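# Architecture at a glance
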Amino acid sequence: MSRTCIHPSILNADFANLQRELGRITTADAVHVDVMDNHFVPNLTIGLPVVKSLRAATELPLDVHLMIEDPDTWAPQYAEMGCESVTFHAEAAKAPIRLARELRAQGARSAMALKPATPVEPYLDMLGELDMLLLMTVEPGFGGQSFLDLILPKIRRARAAIDDLGGEIALQVDGGISAETITRAAEAGADTFVAGSAVYSAADPEAAIAELRTLAG
Ligand code: DX5
Ligand code: ZN
């Protein structure tokens, strides 16, 4: 299994002070950036221009999570501007294999996300096209929701499939990850953890990152 990575989500940060908020998570492995278009999910956040400014404002890798309707058109542009990892949703992509290859061709890690009710099995044959698989542990759209324990068996099945393949595919979970839930997700086989409110509502975000890392390890 690959090493434990903690990716704080800036969805729960102060959007009027993003540079300062990035400075509070310097021990993170990457910054998780939630792009929402008010169509694929009910919420609306930020898009290309703001992510471009974030790219220039931090040395940390950007892990962009696209909750948008037309990733086939937009995702490659996030890779092109230098986002280290670009995640599109399987439910939204028209040609996921072509898109995953395009992201890698642009020099990014290709990643695909599944909503809680989307089964992983139809996608197992394309795992080799991915550098990361994201299993949502809440319905995408908002921070601060409760972790869905019913995803744990899907995490276990995905872990087994990734191990069978023997590759270096990260298995990410996103939604409701906290000191209370991270151990269950890690035991099921996740190795990359998005945490929004658990990091940004803590008085000391870097202490929260360290605690999550220890609990997951
Ligand atoms: C939800 C987003 C998450 C969100 C997680 O749709 O994809 O990244 O920021 O927030 P918490 O950790 O508070 O559930
Ligand atoms: Zn996310």
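Please refer to the structure placed before this passage.
As the structure is a computational prediction, the values presented were derived from the model and not from experiment.

Here we take up the state of the cysteines. Following the criterion strictly, the structure yields zero disulfides and no others. Looking at Cys5, it has no disulfide partner, and the nearest cysteine sulfur is the one in Cys83, 17 Å off.

Before going further, it helps to examine the site of ligand 1. Around ligand 1 sit 21 residues, and of these Gly141, Asp174, Gly176, Gly196 and Ser197 come closest. Taking Asp34, its side chain carries an N or O atom lying 2.8 Å from an oxygen atom of ligand 1. Ser197 has a polar side-chain atom sitting 2.4 Å from an oxygen atom of ligand 1. Alone, ligand 1 offers 380 Å² of accessible surface; in the complex the protein occludes 100% of this. Listing elements by their share of the shell around ligand 1, those giving two or more residues are strand 2 (31-36), strand 3 (62-67) and strand 8 (192-195). Here the element with the most residues in the shell around ligand 1 is strand 2; it accounts for three residues. Residue classes in the shell around ligand 1 are distributed as eight nonpolar, eleven polar and two charged.

Note: strands within a sheet are paired through backbone hydrogen bonds, in either parallel or antiparallel orientation. The strand order 1-8-7-6-5-4-3-2 describes an open sheet built from eight strands, whose pairing is parallel. Every other strand in the sheet has two partners, leaving strand 1 (5-8) and strand 2 as the edge strands with one partner each. Neighbour-to-neighbour, the strand axes of this sheet turn through a mean angle of 25°, independent of strand direction. Pairing of strand 3 with strand 4 (residues 85-89) involves three bridges; the strand directions are parallel. The partner of Val64 across the bridge, within strand 4, is Val86. Its contacts with the sheet put helix 2 (residues 48-57) on strand 2 and strand 3, and the angle it makes with strand 3 is roughly 170°.

Core analysis: the biggest nonpolar cluster contains 64 residues, and Val33, Val51, Tyr78 and Phe193 have the highest contact counts within it. Formed by five residues, the second largest nonpolar core is a distinct cluster that contains Met36, Phe40, Val41 and Met67.

Right, let's talk about the packing of helix 3 (residues 71-80) against helix 4 (residues 96-105) for a bit. The N-to-C vectors of helix 3 and helix 4 enclose an angle of 15°; their axes lie 9 Å apart at closest approach. Of the possible angle classes, the one that applies to helix 3 and helix 4 is roughly parallel. By crossing handedness, the relation of helix 3 to helix 4 is classed as right-handed. Where helix 3 approaches helix 4, its residues Pro71, Asp72, Ala75, Pro76 and Ala79 are matched on the opposing element by Leu99, Glu102 and Leu103. Classifying every residue of the contact of helix 3 with helix 4 gives six nonpolar, no polar and two charged.

Quick notes on the rules
- Residues numbered from 1 in each chain as written.
- Chains lettered and ligands numbered in written order.
- Predicted model: local features only at pLDDT ≥ 70, side-chain atom pairs only at ≥ 80, totals over all residues.
- Heavy atoms only, no water.
- Disulfide = S-S within 2.5 Å.
- Near = heavy atom within 4 Å.
- Polar contact = N/O pair within 3.5 Å; in protein donor to acceptor, adjacent residues only side chain to side chain.
- Areas by Shrake-Rupley, 256 points an atom, 1.4 Å probe, with all protein chains shown as cover.
- Helix = DSSP H or I, 4+ residues; strand = E, 2+ residues; numbered from the N terminus.
- Nonpolar A, V, L, I, M, F, W, Y, C, P; charged D, E, K, R; others polar.
- Pairing = 2+ DSSP bridges.
- Axes fitted to C-alpha atoms, helices over the stretch in contact; angles between N-to-C directions.
- Contact = heavy atoms within 4.5 Å.
- Core = buried A, V, L, I, M, F, W, Y, C linked by side-chain atoms within 4.5 Å.
- Buried < 20%, exposed > 50% of the residue type's maximum accessible area, 1.4 Å probe, protein only.
- Parallel < 35°, antiparallel > 145°, perpendicular 65-115°, else oblique.
- Left-handed = near helix turned anticlockwise from the far one by under 90°.

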